[in-house]
Amino acid sequence: MRRKSLPTLLNIWRDTPTIASNIAAWRIFDAYPAQTAPFPADLHPTLAQALGTQGIDALYTHQATTWEYVHAGRHPVIVTGTASGKTLCYNLPILHTLLANPQTRALYLFPTKALAYDQVNQLTIINEQLSNLPPHTSHPLSPIPISTYDGDTPASARPAIRTQARLILSNPDMLHTAILPHHTKWADFFKHLRFVVIDEMHVYRGVFGSHVANALRRLKRIARFYQEHTSKKTDKQSSLSNYQSPITNYQSSNLQFILTSATIANPTELAERLIEEPVTLVNNDGAARGPKHFLLYNPPIINPELGLRRSALQESIRLSQELLHHNVQTIIFARARRTVEIILNYLREQAAAPPSETNDKVENQNKRFVHKLSTPDSHNQPPNADSSDSNNNLSSAPLLPRSPAPPPPRSPTPPPPHSPAPSIRAYRSGYLPRHRREIEQGLREGHVRTVVATSALELGIDIGGMGAAVLAGYPGSIAGTWQQAGRAGRQSEASLAILIASANPLDQFLAHHPDYFFDRSPEQALINPDNLLILLQHLRCAAFELPFQNGDNFGRVEAEQTAEFLQFLRDSGELHQSGSKYFWMADRYPATDVSLRSASPDRVRLQIDEGDDNWSAIGEVDVASAPWMVHPQAVYLHQGQAFIVETLDLDQLVACLRPTGADYYTEPKRDTSVQLVEQISQTQVYGGTKSHGEMVVTTQVVGYRMVQSGLFHSNKLTN
């Protein structure tokens, strides 16, 4: 294929009336050079040498600023652009201290396993470089023990990790259920724990963030317990090195937090609410940036009488094809998992078809679609590819019973879903970890040229330097839009972000008022750790971990108020008071009853029969979603392939599927009822009333529709 480029394509779009006329706004953000600072004079020499082997001979200004703040004992919160080197901001001072002080421990917390996996790969590379370099004359080095500790960690490996690893990469859920309740097994780690990194801090908002803030209260409480009972040792007593680190002058009872975040309106406030310590903002982004083109694109009107526009899904496919044709590595963000699979299917089909055949197919679909819309008795509704997985624009379609006509005949088994043409892939929750790692590696190495993803790739996983980000519909927030748009662009190369408006009124508002979007500040991230229900849950967990004593605070919850809560738990029989102390008395293990994300941790495994009673797992879904995503007779889309669900066993957490050549997928119909149990209080507010009480929300899958696959969704009815 002849090499082309993004600037070439942008010039073509400017001169193409069918595209240029649909661009509601075209903003160009200027490039700017890197702002650098030299390595700190006291940086461990071997670490400086290892960075040099990676071609790093200076720091960005925000990295140097973070070093200074960590040196001063502050808690920095780093808010800079994507791909700006935030990882080195915390790796540099932490690795420096780990090399200088063999007793120091560090804990990295990531919101997802994928981020932890990504980071451990980078740390392993640095570790190998440190081990292979000629050691500094006065202090020989050995590799720093680094390990992940999450739900995928084998049970046989966990004891060695707890006692030997000096840098642990984990997530808040594992901290909550597996580390803090078993802190006695981690005694040496907590005794020497110095650094806690909280990456992608902006994810911790709402209920999830409120839970995480309380888990951090428990972490600080346990660390203080072990460190206050440990004799203080100075770095001069280290038996392995006489090299003195300026970042080791700290009180042993204190932890030092380093936080990173995408752009939000209140990073300092959120960070202080999470860790309950004063923080220092680092936002002097010194990374180089190439020019960035940001387009707001409103699809063309295809039916002037009805005012109907072409769908965002169609335009996403069309524009992404052109990006692929011009060899621009592209990430396409879709709002629903099913939309991801539909886009993937069409990109692959059209990439394989001759251009003339593809154009004829799309043109014929356009004509058929407009004809159906103009037919009075048509069941079809205006296209809206960005609706949720459970409810789309087909509300007028008749329901099918849960046990419809027999499934379509078996078709020849297609290739496995994880071995398609490698240049176009999909990425979303539900894929097995090994498949996600394979896709991430393909993006980094450039083998994967186009990836269709949900917000699962919104976070800072290293996927290389994408040339373009296509947003198929407004993500729902300004902060989320900038985060997705920021996945494109690295160093000095030009990049593109294009937000394609759907038929949603909010999308159309932004398309007609682009200044509102570009001039608007990102949203705030808010949490309430002192919410009574959440707070009581974590007080139970904390009491199980360590007894409370009269006069104890719980984070910023004052001793007097904490005592009231402890007495309530005592009266309920969960705590026992002996003298001035409160001990956990209930039989159950409290952390297992508390989900930080308000969702079940259980997953339903999706299996296909490969013959001879040999079953292979292709993915997974959470238990709450299983009844409507993989109910019997459902057609489930995975990596562009359709599978029909034969059985669903919620007791064994297994769904059995088989490949099918069906040209439709299923759309569940769910009925939800809300019942007021008790109204506790009611307050008058501007324009209405605000009530507080208990409700019961019941959701039931009552049927499903069979929807024909295609750029223009139409109902497929059966007898």
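Remember, it's a predicted structure, so these values are computed and weren't measured experimentally. (Residues numbered from 1 in each chain as written. Predicted model: local features only at pLDDT ≥ 70, side-chain atom pairs only at ≥ 80, totals over all residues. Heavy atoms only, no water.)

A. Representation of the packing of helix α19 (residues 532-545) against helix α20 (residues 559-571). Interhelical geometry of α19 versus α20 gives an angle of 70° and a closest axis separation of 11 Å. Considering their axes alone, α19 and α20 lie roughly perpendicular with respect to each other. In this structure, α19 uses Leu532, Leu535, Leu536, Leu539 and Arg540 to contact α20, whose residues at the interface are Thr562, Phe565, Phe568 and Leu569. Split by residue class, the contact of α19 with α20 holds seven nonpolar, one polar and one charged. (Axes fitted to C-alpha atoms, helices over the stretch in contact; angles between N-to-C directions. Helix = DSSP H or I, 4+ residues; strand = E, 2+ residues; numbered from the N terminus. Parallel < 35°, antiparallel > 145°, perpendicular 65-115°, else oblique. Contact = heavy atoms within 4.5 Å. Nonpolar A, V, L, I, M, F, W, Y, C, P; charged D, E, K, R; others polar.)

B. The arrangement of the pattern of salt bridges in detail. For the structure shown, the criterion picks out 22 salt bridges. Here Lys113 and Asp152 are joined by a salt bridge, their closest N and O atoms 3.3 Å apart. In this pair, Lys113 sits in helix α6 (residues 113-132) while Asp152 sits in the loop between β6 (146-148) and α7 (158-164), placing the two residues 39 residues apart along the sequence. Lys113 sits in the partly exposed class, given a relative accessible area of 36%. (Salt bridge = Lys/Arg side-chain N within 4 Å of Asp/Glu carboxyl O. Buried < 20%, exposed > 50% of the residue type's maximum accessible area, 1.4 Å probe, protein only.)

C. Just the nonpolar core, in detail. In terms of nonpolar packing, the biggest core is built from 103 residues, with Trp13, Ile94, Tyr108, Leu167 and Leu457 touching the most fellow members. Take this core: its biggest share by element is eight residues, from helix α5 (residues 86-100). Residues within four places of Tyr108 in sequence aside, it is in contact with Tyr90, Asn91, Ile94, Leu123, Leu167, Ile168, Leu169, Ser170 and Val197. (Core = buried A, V, L, I, M, F, W, Y, C linked by side-chain atoms within 4.5 Å.)

D. Just the confidence of the model for the chain, in detail. Model confidence for the chain is summarised by a mean pLDDT of 83, while 83% of its residues fall at 70 or above. Confidence drops under pLDDT 50 across residues 365-420; counting only partners more than four residues distant or on other chains, this segment forms 111 contacts. Taken as a whole, residues 711-719 scores under 50 in pLDDT and shows 33 contacts with residues more than four places along the chain or in a different chain. (pLDDT = per-residue confidence, 0-100.)

E. Broad picture of the sheet that holds strand β24 (residues 635-638). Across the sheet, which stays open at both edges, the five strands sit in the order β23-β22-β26-β25-β24 with mixed pairing between neighbours. In the strand order of this sheet, the two ends are held by β23 (615-622) and β24, each with one partner. Neighbour to neighbour, the strand axes of the sheet diverge by 40° on average, direction disregarded. With four bridges connecting them, strand β22 (residues 603-609) and strand β26 (residues 654-659) associate as parallel partners. What sits directly across from Leu606, in β26, is Ala655. (Pairing = 2+ DSSP bridges.)

F. Structural detail: a negative patch on the surface. Negative charge collects at one region of the surface, where Asp609, Glu610, Asp612 and Asp613 lie side by side. Counting through the fold element by element, Asp612 comes out in the loop between β22 and β23. (Patch = residues over 30% accessible without salt bridge, like charges linked within 9 Å, V, L, I, M, F, W, Y side chains within 5 Å. Areas by Shrake-Rupley, 256 points an atom, 1.4 Å probe, with all protein chains shown as cover. Lys, Arg positive; Asp, Glu negative; His and termini not counted. Charge placed at Lys NZ, Arg CZ, Asp CG, Glu CD.)

G. Local environment of the pairing of strand β25 (residues 641-649). Across four bridges, the pairing between β24 and β25 is antiparallel. Residue Leu637 lies in a different strand from β25, and its bridge partner there is Ala642. What sits between β24 and β25 in their antiparallel hairpin is a turn of two residues, with Gln639 showing a positive phi close to 55°. In terms of strand pairing, β25 meets β26 through six bridges, oriented antiparallel. Across the sheet, Phe643 pairs through a bridge with Pro659, a residue of β26.

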